[in-house]
Amino acid sequence: MHIQLIDVLSQDGQVLHREIPLELDTVEAGAERFVLSAKSPVTVDITHMSGRVLHIEARCQVSALIPCGRCLEEVERAFSVSISREVDMKKMETEQGLDEYSLITGTELDVDRMIHNELLVQWPLRVLCREDCKGICSRCGTNLNYHNCDCEKQSLDPRMAAISDIFSKFKEE
Ligand SMILES: [Zn+2]
Ligand SMILES: [Zn+2]
């Protein structure tokens, strides 16, 4: 959702307080897209300091589903977003293309984009469903948190693997 800044820009000292829904449904981090499983409204406070300098504060809570780095099971991870920054609207007119300023087009602040950018800053490199997640077997794909498989035993003991190969050959014949 966008917030129109014309009123707050009309006079020094003007304050704008809004509580708006977050329209963002997914976060694009790296080459992947993650679904937001929960989100609070966004509280936005904007103060016109002076001379077209805005102080912007925004807060919201979101949760996202992120696959565990070992077993790929989705983990719900909560994020607390708290943004506090100043934007000089005069500079914005002359220094276009700066990342920060792409949040504002004309006199409209793109709140979803601002929240998305902040989530990217906080985005974890890797999430685990639990500290001791056993992951999935690289040979048969079994989730080792729930089931055991025999692959590891076989690869640990090459003689056992050789014997089981012989047995499986017998079965095939
Ligand atoms: Zn896991
Ligand atoms: Zn296995």
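So, here is what we can say about the structure in this document. Because the structure is a prediction, the values reported are computed rather than measured.

1. Examining the pattern of salt bridges
A full pass over the atoms with the stated rule returns 6 salt bridges. For the salt bridge of Asp25 with Lys39, the shortest nitrogen-to-oxygen distance reads 2.9 Å. On the criterion of sequence distance, the pair formed by Asp25 in the loop between strand E2 (15-20) and strand E3 (26-29) and Lys39 in strand E4 (residues 32-39) is long-range, its members being 14 residues apart. Judged by relative accessible area, which is 36%, Lys39 ranks as partly exposed. A salt bridge links Asp132 to Arg130; the shortest N-O distance between them is 3.0 Å. Arg130 gets classed as partly exposed once you look at its relative accessible area, which sits at 35%. Through salt bridges with shared partners, a single network forms among Asp45, Glu57 and Arg59.

2. A few points about the coordination of the zinc ion (ligand 1)
Six octahedral donors around a metal ideally make angles of 90 or 180 degrees; four tetrahedral donors ideally make 109.5 degrees. Donor atoms from the polypeptide that bind the zinc ion (ligand 1) are Cys68 (SG), Cys71 (SG), Cys129 (SG) and Cys133 (SG), placed at 2.3 Å. Every donor counted, the 4 donor atoms about the zinc ion (ligand 1) form angles of 105 to 112° at the centre, which fits tetrahedral coordination. Of note, the zinc ion (ligand 1) draws all its donor residues from one chain, in the sequence arrangement C-x2-C-x57-C-x3-C. With a gap of 65 residues between them, Cys68 in the loop between strand E6 (53-67) and strand E7 (74-88) and Cys133 in the loop between helix H3 (111-122) and helix H4 (151-156) connect regions that are remote in the sequence. Both residues of the pair, Cys68 and Cys133, belong to the buried class.

3. Describing the coordination of the zinc ion (ligand 2)
Binding of the zinc ion (ligand 2) to the protein goes through Cys137 (SG), Cys140 (SG), Cys149 (SG) and Cys151 (SG), at separations of 2.3 Å. Taken together, the 4 donor atoms coordinating the zinc ion (ligand 2) and their angles of 105 to 114° define a geometry best described as tetrahedral. Its relative accessible area of 40% is what places Cys140 among the partly exposed residues.

4. Details of H3
When the terminal C-alpha atoms of H3 are compared, their 17 Å separation across 12 residues agrees well with the 16 Å that a helix rising 1.5 Å per residue should span. If you check which residues of H3 are buried, you get Val111, Asp112, Met114, Ile115, His116 and Leu119. Its side-chain oxygen placed 3.3 Å from the backbone nitrogen of Asp112, Asp110 serves as the N-cap of H3.

Calculation notes
- Residues numbered from 1 in each chain as written.
- Chains lettered and ligands numbered in written order.
- Predicted model: local features only at pLDDT ≥ 70, side-chain atom pairs only at ≥ 80, totals over all residues.
- Heavy atoms only, no water.
- Salt bridge = Lys/Arg side-chain N within 4 Å of Asp/Glu carboxyl O.
- Helix = DSSP H or I, 4+ residues; strand = E, 2+ residues; numbered from the N terminus.
- Buried < 20%, exposed > 50% of the residue type's maximum accessible area, 1.4 Å probe, protein only.
- Donors = N, O, S within 2.8 Å, 3.2 Å for Na, K, Ca; no water.
- Tetrahedral: all angles 85-135°; square planar, octahedral: opposite > 155°, others 65-115°.
- Expected span 1.5 Å × (residues − 1).
- Polar contact = N/O pair within 3.5 Å; in protein donor to acceptor, adjacent residues only side chain to side chain.

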